[in-house]
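# Examining the three-dimensional arrangement
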Amino acid sequence: MYLFKHLYLNQRFYLVLIVLILIFIAGNFFSLFYTLGKILTIFFCALFITDVLLLFKNKQALFAQRITPERLSISDNNEIILYVKSNHTHVLLIRIIDEIPAQFQIRNFEICTLLKPGEEKHFKYTLRPLSRGEYEFGRINVYISGFVRFSSRRCIFENKRIVPVYPSFLQMRKYELLAISNRLSEAGIKKVRSIGRNIEFEHIRKYNTDDDFRSINWKATARKGEIMVNQFQEEKAQQVYNIIDVGRVMKMPFEGMTLLDYSINAALVLANISIYKQDKAGLITFSNKLHSFLSAEKRNNQMVNILEALYKINTHFDESDYELLYINLKKYVSQRSLIILYSNFESILSMQRQLKYLQMIARNHLLIVVFYINTEIQKMLLNKSENMEEIYINTIAEKFYQEKKQMIKILQKSGIQAVLTEPENLTVATLNKYLEIKAKGLT
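Keep in mind that what you see is a predicted model, and the values were worked out from it rather than measured.

## Overview of the sheet that holds strand β20 (residues 366-372)
Strand order across the open sheet formed by 6 strands is β18-β17-β14-β19-β20-β21, with mixed pairing between neighbours. Among the strands making up the open sheet, the edge pair consists of β18 (290-297) and β21 (417-421). Between one strand axis and the next, the sheet turns by 15 degrees as a mean value, whatever way the strands run. When strand β14 (residues 239-245) meets strand β19 (residues 338-342), the two strands line up parallel, connected through 5 bridges.

## So, the sheet that holds strand β7 (residues 120-127)
The strand order β2-β4-β7 describes an open sheet built from 3 strands, whose pairing is antiparallel. The two strands at the open ends of the sheet, each matched to only one other strand, are β2 (62-67) and β7. Averaged over neighbouring strand pairs, the angle between their axes works out to 15 degrees when direction is ignored. Across 6 bridges, the pairing between β2 and strand β4 (residues 78-86) is antiparallel. The residue of β4 that forms the bridge with Gln65 is Tyr83.

## Brief notes about the nonpolar core
Judged by nonpolar contacts, the single largest core of 84 residues is most densely connected at Ile94, Ile96, Val142, Ile144, Ile244 and Tyr342. Looking at this core element by element, the count peaks at 12 residues for helix α6 (residues 259-276). Counting 29 residues, the second-largest nonpolar core is a separate cluster that includes Leu325, Val333, Leu358 and Met407.

## Thoughts on unusual backbone geometry
Positive phi is not limited to glycine here, since Gln105 has a value of about 55 degrees. With respect to the element layout, Gln105 can be found in the loop between β5 (92-98) and β6 (111-115). Unusually for a residue other than glycine, Gln278 sits at a positive phi of about 70 degrees. Secondary-structure assignment places Gln278 in the loop between α6 and β17 (280-286).

## Side note on the pairing of β17
Taken across its 7 residues, β17 has 6 buried, putting it largely inside the fold. As defined by bridge partners, β14 adjoins β17 across 7 bridges and the pair is classed as parallel. Bridging across to β17, Asp245 finds its partner in Phe286. By the bridge criterion, 5 bridges tie β17 to β18 in an arrangement that is antiparallel. Counterpart to Thr285 in the pairing with β18 is Ser292. Between β17 and the antiparallel strand that follows it, β18, lie 3 residues.

## A short note on the pattern of salt bridges
Within this structure, the stated rule accounts for 11 salt bridges. Between Arg95 and Glu110 there is a salt bridge; the shortest N-O distance is 3.2 Å. Residue Arg95 is found in strand β5, and its partner Glu110 is found in the loop between β5 and β6; the two are separated by 15 residues along the sequence. Its relative accessible area of 42% is what places Glu110 among the partly exposed residues. Residue Asp261 is joined to Arg132 by a salt bridge in which the shortest nitrogen-to-oxygen separation is 2.6 Å.

About the cut-offs
Every chain is numbered independently, its residues counted from 1 as its sequence is written. Selection of residues for local features in this predicted model requires a pLDDT of at least 70, selection of side-chain atom pairs for listing and counting requires 80 or more, and totals for whole chains, interfaces and linings are taken over all residues. Values shown for side chains rest on all heavy atoms present in the structure; no hydrogens or waters enter the calculation. The criterion for strand pairing is that DSSP finds at least two bridges linking the strands in question. Starting at the N terminus, helices and strands are each numbered in turn, a helix being any DSSP run of H or I of at least four residues and a strand any DSSP run of E of at least two. What counts as an axis is a line fitted to C-alpha atoms, over the stretch in contact for a helix, and the angles between N-to-C directions run from 0 to 180 degrees. We call a set of buried Ala, Val, Leu, Ile, Met, Phe, Trp, Tyr and Cys residues a nonpolar core when their side-chain atoms join them within 4.5 Å. Buried, partly exposed and exposed residues are distinguished by accessible area as a fraction of the type maximum, computed with a 1.4 Å probe on protein chains only: under 20%, between the cut-offs, and over 50%, respectively. Any carboxyl oxygen of Asp or Glu that lies within 4 Å of a side-chain nitrogen of Lys or Arg is treated as forming a salt bridge with it.

Here it is as structure tokens:
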């Protein structure tokens, strides 16, 4: 019973069977073919039985294991490793079918390879999740075939595991490494000259191409035989709060991800860089109520707390209450802080309803409002209009696009900084704005 449950007949078996049937049909007309058919049938049966016996002679013919990270990073390529080892005495043809989480909708995943006796191999593949949450990996199914490949034996490895998908910590580490090596410009971050800052000497380090030549330490350069520069740091840490609107406006999808997830990724990177720059990072999420509040700190476990809080965020489908946000900021954030507010306004009317509350927040804090360019509308504007319907669509698209630009002007007139960006460029745009503010010492 065990054998039949795990035994599968391959395509080669049926092809040989068809050939034998054709030979026997020819035997009705030519006796030589009938005799040949009988001989080949006996030979075929012997090969088939031998093939099956060799496949099942070793109960533990193969070992397979999936190696996954403790958690996956959203919107990034996460590496998954499949490890297989042959315990068989013959060369095996193996076909691996991994049960990938249903969220990826991958139904044709397959790896085929030859495995020598005692050989072990590692196979790598990548997965790019587009939503946070728990992803369940299933079993590993390995089909092994012997030298004649008439049949396959299925080996099942119960390697089920639930792996959480977190905000993009890989992106966070990337920007952190660039910041440490003073190479943020490689990711599109603009170099801004420091104006009116209070800075103090931190240490001497090697020169990078993005460094200001005026910071070169000539004595250290002569002593070391290579260019050395002085590294400075801010004397006073400021509070930086990432505030994320989790209302229904943030559910809009772009390139498979929601605006909320783009905002979460950017907030995570900005919080980490602000702590690296000796600032204090905090987090607030709200819709029609305050969902989470993390006081701005720069202690060692602050980024862990922020990451966990961001992982748990979900979209709420109520209209966001900006008056409530102002009241809570007044209540919990007494010190003047840099506030980066991630939201989305699709029309001037929707923004003007909240403008008075934004102005009230801006009186006490340096407020940056981040909202998004609708990339689908941008694509429409690039299309040539060939008929009246397309002209009408392009006119409406142009109206929406110009409204976004007008919103920037209205916010700036109200003393509010603004960032208008494509969702995929959000992290770079917000980092540029933060570093510009910090360089100018505006807080």
